[in-house]
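Structure at a glance
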Amino acid sequence: MTDPTDPTGTTGTTGTTGPRRPAPPRARSRQHPAGRPGWTTGLCWRCEAVDRPVAWAGPVQAHGSHAPMYLCGPCDRRLGELVWAYLCRYARDR
């Protein structure tokens, strides 16, 4: 049986290995190069770059579950542009 509090899914009383979960960004906080707080080093969920400064962008829902989404600076800006374009286009229809 796997310990549900173990993020790696490797502990258990039977010694078997449970499903491996992707590791969250490293716990050690790192300042973004532009000096913005709230950034850490980890994986960007959009471009899949590793060991980049990333920030939490919000929860993502897929297959009935939620996960925290982290984005690097360029991907965060691009997501903002896409959201703004959507709002400009479809907000008029409401």
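Notes on the structure follow. (Residues numbered from 1 in each chain as written. Predicted model: local features only at pLDDT ≥ 70, side-chain atom pairs only at ≥ 80, totals over all residues. Heavy atoms only, no water.)

Attention shifts here to the packing of aromatic side chains. Throughout the structure, instances matching the rule amount to 1 aromatic pair. Seen from their ring centres, Y86 and Y90 are 4.7 Å apart, and the 40 degrees between their planes marks the pair as tilted. With Y86 and Y90 both in helix 1 (residues 73-90) and 4 residues apart, the pair spans about one turn of that helix. For Y90, a relative accessible area of 34% corresponds to the partly exposed category. (Phe/Tyr/Trp six-rings, centres within 6.5 Å; stacked < 30°, edge-to-face > 60°. Helix = DSSP H or I, 4+ residues; strand = E, 2+ residues; numbered from the N terminus. Buried < 20%, exposed > 50% of the residue type's maximum accessible area, 1.4 Å probe, protein only.)

The next thing to look at is the sheet that holds strand 3 (residues 65-72). Taken together, the 3 strands give an open sheet; going across it, the order is 1-2-3, and neighbouring strands pair in antiparallel fashion. Strands with a single pairing partner mark the edges of an open sheet, and in this sheet they are strand 1 (39-42) and strand 3. Strand-to-strand twist across the sheet, computed as the mean angle between neighbouring axes with direction ignored, equals 55 degrees. Where strand 1 and strand 2 (residues 52-62) come together, 4 bridges link them in antiparallel fashion. Considered in strand 2, the bridge of W39 is made with A55. Lying over the sheet, helix 1 contacts strand 1, strand 2 and strand 3, oriented at roughly 110 degrees with respect to strand 3. (Pairing = 2+ DSSP bridges. Axes fitted to C-alpha atoms, helices over the stretch in contact; angles between N-to-C directions. Contact = heavy atoms within 4.5 Å.)

This part covers the environment of A55. The topology assignment puts A55 in strand 2. Separated by 17 residues in the primary sequence, A55 and C72 have C-alpha atoms spaced 6.5 Å apart.

Bridge count between strand 2 and strand 3: 8 bridges; the pairing is antiparallel. Each bridged residue has a counterpart across the sheet, and for P59 the counterpart in strand 3 is P68. Connecting strand 2 to the next strand, strand 3, in antiparallel fashion are 2 residues, including H63 with a positive phi near 55 degrees.

Non-glycine residue D51 carries a positive phi angle of around 55 degrees. Among the secondary structure elements, D51 is positioned in the loop between strand 1 and strand 2. In this structure D51 comes out as partly exposed when scored by relative accessible area, which is 45%. Phi angles above zero are rare outside glycine, and H63 is one such case at about 55 degrees.

For the rest of this paragraph, the subject is a nonpolar patch on the surface. Among the surface-exposed residues, L79, L82, V83, W84, Y86, L87 and Y90 lie close enough to one another that they form a single nonpolar patch of about 670 Å² accessible area. Along the chain, L82 falls in helix 1. (Patch = residues over 30% accessible without salt bridge, like charges linked within 9 Å, V, L, I, M, F, W, Y side chains within 5 Å. Areas by Shrake-Rupley, 256 points an atom, 1.4 Å probe, with all protein chains shown as cover. Salt bridge = Lys/Arg side-chain N within 4 Å of Asp/Glu carboxyl O.)

Under the counting rule described, the total for this entry stands at 0 disulfides. The thiol sulfur of C72 is not disulfide-bonded, and the nearest other cysteine sulfur, from C75, lies at 3.6 Å. Taking relative accessible area as the criterion, C72 reaches 1% and is therefore assigned buried. (Disulfide = S-S within 2.5 Å.)

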